[in-house]
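# Report on the structure
Here is how the chains run, residue by residue.
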Amino acid sequence: MTEIIVVTSGKGGVGKTTTSASVACGLARRGKKVAVIDFDIGLRNLDLVMGCERRVVYDFVNVIQGDCTLKQALIKDKRIESLYILAASQTRDKEALTSEGVHRVLKELEADGFDYIICDSPAGIEKGAHLAMYFADRAIVVVNPEVSSVRDSDRILGLLASKTLRAEQGNGGVKEHLLLTRYSPRRVAAGEMMSVADVKEILGIDVLGVIPESPDVLSASNAGTPVILNQESIVAKAYEDAVSRLLGEEIPLRYIEEPKKSFFARVFGG
């Protein structure tokens, strides 16, 4: 059975596209057939992060408007056999998306045997964001540990609880997961950043993962490679943990405390 997961947030720039790409890769590397769709019509970043921007011929809007078939628009990832990307349009506005068109594309992907559909949502509460979450079974709410991001995400949780198909049907609603990004235990200890416990208490949802602050994220994006594929990075390990939890595994959170310095580091200031 196909599961639709929306990656969403109330605030821009928190790492939704990085998360969408990494979660999609993580699931596909475990043998799942995965499609990841860019709902950010007019801006289009997912294809850049996935490294397939030069291969985009048809996009999501082209499929909805009948300019091409879904198979023509889906881009097969060169690194992972079971991973496909559906890019957003750079030349249309968000009004080009329709509920009927989005539903038809999702149903076609389901009929094609996809295990997971990852919907990379634009930030905020406008039409593209609403359609990205409307048909979702689960939501990954991406939050930076700072007040404005947490406050805006609380608004998104309200929409997930009331403005989705599952909410309208009264069949349990969308399952929500919290993903904290750009987390720095050192800054938490200094009082510059909210802790995991602080954010969890305010939003009231389970923590799927904590992604540490690292320059690896920008380096990976610039290289067109999802950061989860950088096996040397702690960010990749944190995203792998999040994917494991998404699949039902119980794994303790890592990277939420500052590593303790060795005796020699303390003595010599290393």
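Above this text you will find the structure in question.
Below is a summary of the structure that appears in this document. (Residues numbered from 1 in each chain as written. Predicted model: local features only at pLDDT ≥ 70, side-chain atom pairs only at ≥ 80, totals over all residues. Heavy atoms only, no water.)

## So, the pairing of strand β6 (residues 138-143)
Within β6, six of the six residues are buried, which leaves it mostly tucked inside the rest of the structure. Residue alternation in β6 divides its side chains into two sets, Arg138, Ile140 and Val142 and Ala139, Val141 and Val143, and both sets are buried. As judged from the four bridges shared by strand β1 (residues 3-8) and β6, these two strands associate in the parallel manner. Each residue of the ladder has a partner; that of Thr8, found in β6, is Val141. Judged from the six bridges that link them, β6 and strand β7 (residues 175-183) form a sheet pairing that is parallel. Among the inter-strand pairings, Ile140 is bridged to a residue of β7, identified as His177. (Buried < 20%, exposed > 50% of the residue type's maximum accessible area, 1.4 Å probe, protein only. Helix = DSSP H or I, 4+ residues; strand = E, 2+ residues; numbered from the N terminus. Pairing = 2+ DSSP bridges.)

## Considering the side chain of Ser9
Mapped onto the elements of the fold, Ser9 is located in the loop between β1 and α1 (16-28). In terms of polar contacts, Ser9 uses its side chain to reach the backbone carbonyl oxygen of Lys11, at 2.6 Å. Among the polar contacts made by the side chain of Ser9, one reaches the side chain of Lys16 at a distance of 3.2 Å. (Polar contact = N/O pair within 3.5 Å; in protein donor to acceptor, adjacent residues only side chain to side chain.)

## Digging into the packing of helix α7 (residues 147-162) against helix α10 (residues 196-203)
In contact at an axis separation of 10 Å, α7 and α10 are set at 35° when each is read in the N-to-C sense. By crossing handedness, the relation of α7 to α10 is classed as right-handed. Here Val150, Ser153, Asp154 and Leu157 of α7 lie close against α10, whose contacting residues are Val199, Ile202 and Leu203. A per-class count over the contact of α7 with α10 returns five nonpolar, one polar and one charged. (Axes fitted to C-alpha atoms, helices over the stretch in contact; angles between N-to-C directions. Left-handed = near helix turned anticlockwise from the far one by under 90°. Contact = heavy atoms within 4.5 Å. Nonpolar A, V, L, I, M, F, W, Y, C, P; charged D, E, K, R; others polar.)

## Thoughts on the sheet that holds β6
Strand order in this open sheet of eight strands is β3-β4-β2-β5-β1-β6-β7-β8, and the pairing throughout is mixed. Every interior strand has two partners, whereas the edge strands, β3 (75-76) and β8 (207-212), have only one. Looking at chain direction, strand β2 (residues 34-38) and strand β5 (residues 116-120) are connected through five bridges and run parallel. What sits directly across from Val34, in β5, is Tyr116. The sheet contacts of helix α12 (residues 234-246) involve β1, β6, β7 and β8, and relative to β8 the element is tilted by about 175°.

## Structural notes on the nonpolar core
Phe39, Phe60, Leu86, Leu97, Val102, Leu109 and Leu160 are the most contacted members of the largest nonpolar core, which totals 51 residues. Every residue in contact with Phe60, bar those within four places of it in the chain, is listed here: Ile37, Asp38, Phe39, Ile41, Leu86, Ala87, Ala88, Leu97, Val102 and Val105. Val7, Leu83, Ile85 and Leu208 belong to the second-largest nonpolar core, a separate cluster that totals 37 residues. (Core = buried A, V, L, I, M, F, W, Y, C linked by side-chain atoms within 4.5 Å.)

## Considering the environment of Gln65
Along the chain, the position of Gln65 falls in the loop between α3 (60-64) and α4 (70-73). Owing to a relative accessible area of 42%, Gln65 belongs among the partly exposed residues under this scheme. Measuring from C-alpha to C-alpha, the distance between Gln65 and Gln169 comes to 28 Å, with 104 residues separating the pair along the chain. Once you skip the residues sitting within four places of it in the chain, Gln65 turns out to touch Arg92 and Ala96.

## Side note on the pattern of salt bridges
This model, assessed by the stated rule, comprises 15 salt bridges. Here Glu240 ties to Arg30 by a salt bridge, and the two come within 3.2 Å at their closest N and O atoms. Here the residue Glu240 occupies a position in helix α12, and Arg30 occupies one in the loop between α1 and β2, the gap between them amounting to 210 residues. One network of salt bridges, in which partners are shared, links Arg29, Arg30, Glu240 and Glu249. (Salt bridge = Lys/Arg side-chain N within 4 Å of Asp/Glu carboxyl O.)

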